Amino acid sequence: MGIFKSSQSADKIQQLADYIDGSDHIVATTGAGISVGGGGLTYGQLRFSRRGGDGNSFLHTYLESMFSYNPSYSHYALRDLEAEGKMLGIITTNVDCMHTIAGSKNVAEIQGSLQVNRCADCGRHYDGCEIWNHSELPRCEACGGEILPWPLYSHIGLWDDDVKKAREWIAAADLILVIGTHGNYGNVYWSCRSRNAAIVQINPGHTGFDAAADLNIREECDAVFKKLKGRRGGNG
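None of these values were measured; they are calculated from a predicted model. (Residues numbered from 1 in each chain as written. Predicted model: local features only at pLDDT ≥ 70, side-chain atom pairs only at ≥ 80, totals over all residues. Heavy atoms only, no water.)

J.: Please clarify how helix α5 (residues 73-83) should be interpreted in this entry.
T.: Of the residues making up α5, those classed as buried are S74, H75, A77, L78, L81 and E82. For α5, the arc enclosing every buried residue in end-on projection is 160 degrees, short of the 170-degree limit, so these residues lie on one face. Once α5 ends, the next one or two residues include G85, with phi positive near 90 degrees. (Buried < 20%, exposed > 50% of the residue type's maximum accessible area, 1.4 Å probe, protein only. Helix = DSSP H or I, 4+ residues; strand = E, 2+ residues; numbered from the N terminus. Arc of directions from axis to C-beta.)

The structure is reproduced here in structure tokens:
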């Protein structure tokens, strides 16, 4: 449990506000739940969509629908915490780049994302998610080969550079916000967390984080952050 406690108020949104106001090094760990409101793409969807399917099916089923949505309210709320100087970094298993599209700068996409891409034939890199926002699959300028994002060409599932950042951030955190995710990825990064950090989980269902959390808020994250607006001490 964390070294500091929020007020004993029965209002969990106010308790969350107190935790945020009492913290200077917040780290958020996010999963599919944060992208529900924005229509984002998860790692599991990306992997599944390519099994036995052709590229055009992949494009039309997932990528076109992804770029027809904006980041969710929660993505923007985390961006604002970073701009305020409160948010040390965001650790996510999502591959949809929605945190970056929302404007967050410090994002560790530990399973890679649509921002890290490579030609399947010659290996040339094409970084940045904007290449997917078109009506056809991107092709390599050098050889014409199909461009694939990291989660598809790696067959590993972990982006080492961002795993390193995740470990550094969570070790320095004084508050960890667990948002819309069910797994803590054990020794990948969670075991590196500071034992003094408070943990707040925002998830409508029960998860493996329940016992570790100082505060569990059983609501959708967009609803929580909308209620949070204006509740913090002069910062909302």
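There's plenty left to go through after this.
J.: Mind showing me how you'd approach the packing of aromatic side chains here?
T.: The geometry of an aromatic ring pair is captured by the separation of the ring centres together with the interplanar angle, meaning the angle of the planes. For the structure on display, the rule yields 2 aromatic pairs. Centre to centre, the rings of Y189 and W190 are 6.5 Å apart; their planes meet at 85 degrees, and the pair counts as edge-to-face. Like Y189, the residue W190 is buried in the burial classification. With centroids separated by 5.0 Å and ring planes inclined at 75 degrees, the aromatic side chains of W190 and F209 adopt a geometry described as edge-to-face. On the criterion of sequence distance, the pair formed by W190 in the loop between β6 (175-179) and β7 (198-202) and F209 in the loop between β7 and β8 (215-217) is long-range, its members being 19 residues apart. (Phe/Tyr/Trp six-rings, centres within 6.5 Å; stacked < 30°, edge-to-face > 60°.)

J.: I would appreciate a short explanation of the packing of α5 against helix α9 (residues 221-228) in the present structure.
T.: Each packed pair of helices is defined by two parameters, the angle between the axes and the distance between the axes. One can describe the packing of α5 onto α9 by two numbers: an axis separation of 8 Å at closest approach and a directional angle of 45 degrees. What the angle tells us is that α5 and α9 run oblique. You can see that α5 and α9 cross each other, and the crossing is left-handed. Residues Y73, S74, A77 and L78 of α5 form the contact with α9, whose participating residues are C221, D222, F225 and K226. (Axes fitted to C-alpha atoms, helices over the stretch in contact; angles between N-to-C directions. Parallel < 35°, antiparallel > 145°, perpendicular 65-115°, else oblique. Left-handed = near helix turned anticlockwise from the far one by under 90°. Contact = heavy atoms within 4.5 Å.)

J.: Just to check I follow, could you spell out α9 for this structure?
T.: It helps to recall that an α-helix has 3.6 residues per turn; residues three or four apart then point in one direction. For α9, the full list of buried residues reads C221, D222, V224, F225 and L228. For α9, the angular spread of buried residues about the axis comes to 160 degrees, placing them on one side. Tucked inside the fold, the buried residues of α9 contact α1 (12-21), α2 (32-35), α5, β6, β7 and β8. Positive phi appears at G230, one or two residues downstream of α9, with a value of about 85 degrees.

J.: For this particular structure, what's the right way to read the pairing of β6?
T.: Each regular strand carries side chains that alternate between the two faces of the sheet. In terms of residue burial, β6 counts as a mostly covered element, since 5 of its 5 residues are buried. On β6, burial covers both faces: L175, L177 and I179 on one face and I176 and V178 on the other are all buried. Strand direction decides the pairing type here: strand β1 (residues 26-30) and β6, joined by 5 bridges, are parallel. Bridging from a neighbouring strand, A28 pairs with L177 of β6. The pairing of β6 with β7 spans 5 bridges and is parallel. Each residue of the ladder has a partner; that of L175, found in β7, is A198. (Pairing = 2+ DSSP bridges.)

J.: Would you mind going over the nonpolar core with me for this structure?
T.: For soluble globular proteins, nonpolar side chains are generally found buried alongside one another. Counting 25 residues, the largest nonpolar core has L16, L78, L177, I179, V200 and I202 as its most contacted members. Of all the secondary-structure elements, those providing two or more residues to this core are α1, β1, α5, β2 (87-92), β6, β7, β8 and α9. Looking at which element gives the most residues to this core, the answer is α1, with 5 residues. Those residues in contact with L78, other than ones at most four positions away along the chain, are A28, T30, I34, M87, I90, H99, S104, L177, I179 and F225. (Core = buried A, V, L, I, M, F, W, Y, C linked by side-chain atoms within 4.5 Å.)

J.: Help me understand the packing of α1 against α9 in this model?
T.: Interhelical geometry of α1 versus α9 gives an angle of 75 degrees and a closest axis separation of 10 Å. On the basis of the axis angle, α1 is roughly perpendicular to α9. Seen from α1, the contacting residues are I13, L16, A17 and I20; seen from α9, they are V224, K227 and L228. Of the residues that constitute the contact of α1 with α9, the class distribution is 6 nonpolar, no polar and 1 charged. (Nonpolar A, V, L, I, M, F, W, Y, C, P; charged D, E, K, R; others polar.)

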